[in-house]
Amino acid sequence: MPNFSSQSTSGDQSHILMIRMDNAKIISHILKAINFKENSVFCCTKDGLKVTVEDMKSVQLNAFIEPVVFQSYVIKEEEIKFQLNLTVLLECLNVFGSNNLQSGTSPALKLYYNGHGTPVSILLEESGVITDCKIRTVHFDPVLDYDFGSANVIGRIIMSSECLKEVFCELDSTSDTVQFSLSPDSANFRITTFGHSGTYHVDIPKESDVIETLHCTSAVSFKYKLTLMKPSIKPLGIAQKVSLRIDDTGLVCFQFMIKVEDNHNCYIDFYCPADVDFEEDE
Amino acid sequence: MKFRGKMIDPNCIKQFIGILGCMTKLGKSCILRITTTDLYFIVRESQTISASPLIWCTLDEGHFFSEFGMEGLSTVDNEIYLEFVAENVARTLSALKVSGTAKSVKIKLTKKLSSPCLTFEIDLPSGSNHSRLVVHDIPVNLVPRRLWNDYVEPEVVDPDISVHMPQLRLMKSIIERMKNLANMATLHVTSEGLLTLTVETEAVSVTSHFDNLHVEKQKEEEASVTIELKRLSNFLAHEQLNPQKVVCDVLQSKLMHLNFLSDSYSLQYFLPGINDQ
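None of these values were measured; they are calculated from a predicted model. (Residues numbered from 1 in each chain as written. Chains lettered and ligands numbered in written order. Predicted model: local features only at pLDDT ≥ 70, side-chain atom pairs only at ≥ 80, totals over all residues. Heavy atoms only, no water.)

Next up on the list: the packing of helix H1 (residues 10-25) of chain B against helix H3 (residues 86-97) of chain B. All names here are of chain B. Taken N-terminus to C-terminus, the directions of H1 and H3 make an angle of 155°; their axes are 10 Å apart at the nearest point. The orientation of H1 with respect to H3, classified from their angle, is roughly antiparallel. For the crossing formed where H1 meets H3, the hand is left-handed. On H3, the residues that touch Ile17, Leu20, Gly21 and Thr24 of H1 are Ala86, Val89, Leu93, Leu96 and Lys97. For the contact of H1 with H3, the residue count by class is six nonpolar, two polar and one charged. (Axes fitted to C-alpha atoms, helices over the stretch in contact; angles between N-to-C directions. Helix = DSSP H or I, 4+ residues; strand = E, 2+ residues; numbered from the N terminus. Parallel < 35°, antiparallel > 145°, perpendicular 65-115°, else oblique. Left-handed = near helix turned anticlockwise from the far one by under 90°. Contact = heavy atoms within 4.5 Å. Nonpolar A, V, L, I, M, F, W, Y, C, P; charged D, E, K, R; others polar.)

The following block contains the structure:
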């Protein structure tokens, strides 16, 4: 029986990153939600894994998995960055079957990386069958660093993701844009579309059970391209809670909180800039 | 030509339906060959290219049918070859599937509206002790005698190595994923009972290891063959039988042969190897 650890190409000393998980499905559950493009940039630090998927220097999805979610997380450098094909990685992580988190099986995972120019090695084991994958890494393209300092945040909402998902799924697809409106005077968080059959408003009352907190320093109303919002649907579907923040430029940041095994949380954030053609409406 | 068979055992009915369903999902058309002792379901993807996969299922008539009678084309050629078109079978299959309580299922070769049909008569129990007979006619084509040679029973495989495959569920899933990464995979088996499946592309290389497999036969120390993942994946996706044993034979560079064995039937899948570019 091939020894799991003897699969390494060289001794453990040369691994600059080594992760072990008893259930690989957790990581594939999170990464699947951000896989709206093939290319992903991994940034690993002592605080955990950050995986970024970006589209055309505009929308960006980031998944954060803290070391506590793993059985073992060893990193020998301050920051390790590499780029790889996320779709290929997900095929490998799911090699033993459906990526349904609820199904009985749980493949064990060992991931390691030896540095620039080497492939990411993944060993998966289930019921005695071992699958050994080597995924080519390429030098990463720099990703946009959205600086979302709290100083610029005008509106902030924490709400149930189930409710927001229902709203998003029912948005009029004939509308090019979706508008978010918040103001200290209004009783609602308003989501508006402008489609062929008319203008639709969805009003979520601030007082309703689905909204946990809502803060708004001044009235804010921005439009976003509906197509750019699409990558937020998958993370919304797996999250328990979502926070929405809008800054003075109209940049919206969704942060999705996803509960995984042993009551740990993973986070995915989504950045989307406002649609520039729109003139702000006070 | 005549054919008439009656099944009364619910397990036999269920198994027969399972095999019929599986075979008709594996190809656009399926051949049923009836002899005095056995029934054969044959699916061959293409008649023209000799290197295409072949699926050959043998059923022991004695096990399935309580009553069985057939008269072939002639006394010399005492066999019947019928061709099913898969879609025609689907409706009958759904009816058969719910006939778990059927008292009996009769299968007959009939002529309806001057077309040959395979007729299924399903005898269902009904509320007040009466019987309810549901009849399905599946149109079939009679395969002319001159084409019978296209469906010759394949020679018994003399493999370089033959191993038991207990982890078929995992193998199915691995192949399904590998097919999304590459077109071809290399299957490698050793006389120590290690089976590996490997794909390699520019972006990724993936190898799955199945160890401690029971070796049935070994002529060589090891054998490997390169196969088309899509074909194998399609077959495994539709194979829904519950065999007692699955054996994998490899003939160096030439063939991967899967043999699904049960008391009453055997299903063989012949997948020719591809020459490496």
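So, on to the sheet that holds strand E4 (residues 59-65) of chain A. All names here are of chain A. If you walk across this open sheet you meet the nine strands as E6-E2-E3-E4-E18-E17-E16-E10-E14, and the pairing is antiparallel. Edge strands, defined here as strands with exactly one partner in the open sheet, are strand E6 (80-85) and strand E14 (211-216). Across the sheet, the mean angle separating the axes of adjacent strands is 15° when strand polarity is ignored. As paired elements, strand E10 (residues 153-160) and E14 share five bridges and run antiparallel to each other. Each residue of the ladder has a partner; that of glycine 155, found in E14, is cysteine 216. (Pairing = 2+ DSSP bridges.)

Residue and element names in this part refer to chain A. Domain boundaries in chain A define domain 1 (13-135) and domain 2 (151-281). Taking the mean C-alpha position of each, domain 1 and domain 2 sit 29 Å from one another. In this assembly, 18 residues from domain 1 lie in contact with 18 residues from domain 2. Of the roughly 1,700 Å² buried between domain 1 and domain 2 on both sides combined, carbon and sulfur atoms contribute 68%. In this assembly, domain 1 and domain 2 are joined by four residue pairs in polar contact (both at pLDDT 80 or more). Those elements that place two or more of their residues in the side of domain 1 that touches domain 2 are helix H1 (25-32) and E4. Considering every element that reaches the side of domain 1 that touches domain 2, the biggest residue donor is E4, with seven residues. (Domains from an automatic or database assignment. Buried area = accessible area lost by both parts, 1.4 Å probe. Polar contact = N/O pair within 3.5 Å; in protein donor to acceptor, adjacent residues only side chain to side chain.)

With 22 residues of chain A in contact, the opposing surface of chain B contributes 18 residues. Summed over both sides, the interface between chain A and chain B buries roughly 1,800 Å², with carbon and sulfur atoms accounting for 53% of that surface. For chain A, the biggest contributors to the area lost against chain B are Glu91, Val95 and Val129 of chain A; these three give 28% of the whole. Here chain A and chain B share three salt bridges between them. Residue arginine 169 of chain B is joined to glutamate 126 of chain A by a salt bridge in which the shortest nitrogen-to-oxygen separation is 3.4 Å. For the interface between chain A and chain B, the tally reads 15 residue pairs in polar contact (both at pLDDT 80 or more). Looking at the side of chain A that touches chain B, the elements that each hand over two or more residues are helix H2 (86-93) and strand E9 (129-135) of chain A. Here the side of chain A that touches chain B gets seven residues from one element, more than from any other, and that element is E9 of chain A. Of the residues belonging to the side of chain A that touches chain B, the class tally is ten nonpolar, seven polar and five charged. Where E9 of chain A lies against strand E13 (residues 204-210) of chain B, six bridges are found, and the strand directions are antiparallel. (Salt bridge = Lys/Arg side-chain N within 4 Å of Asp/Glu carboxyl O.)

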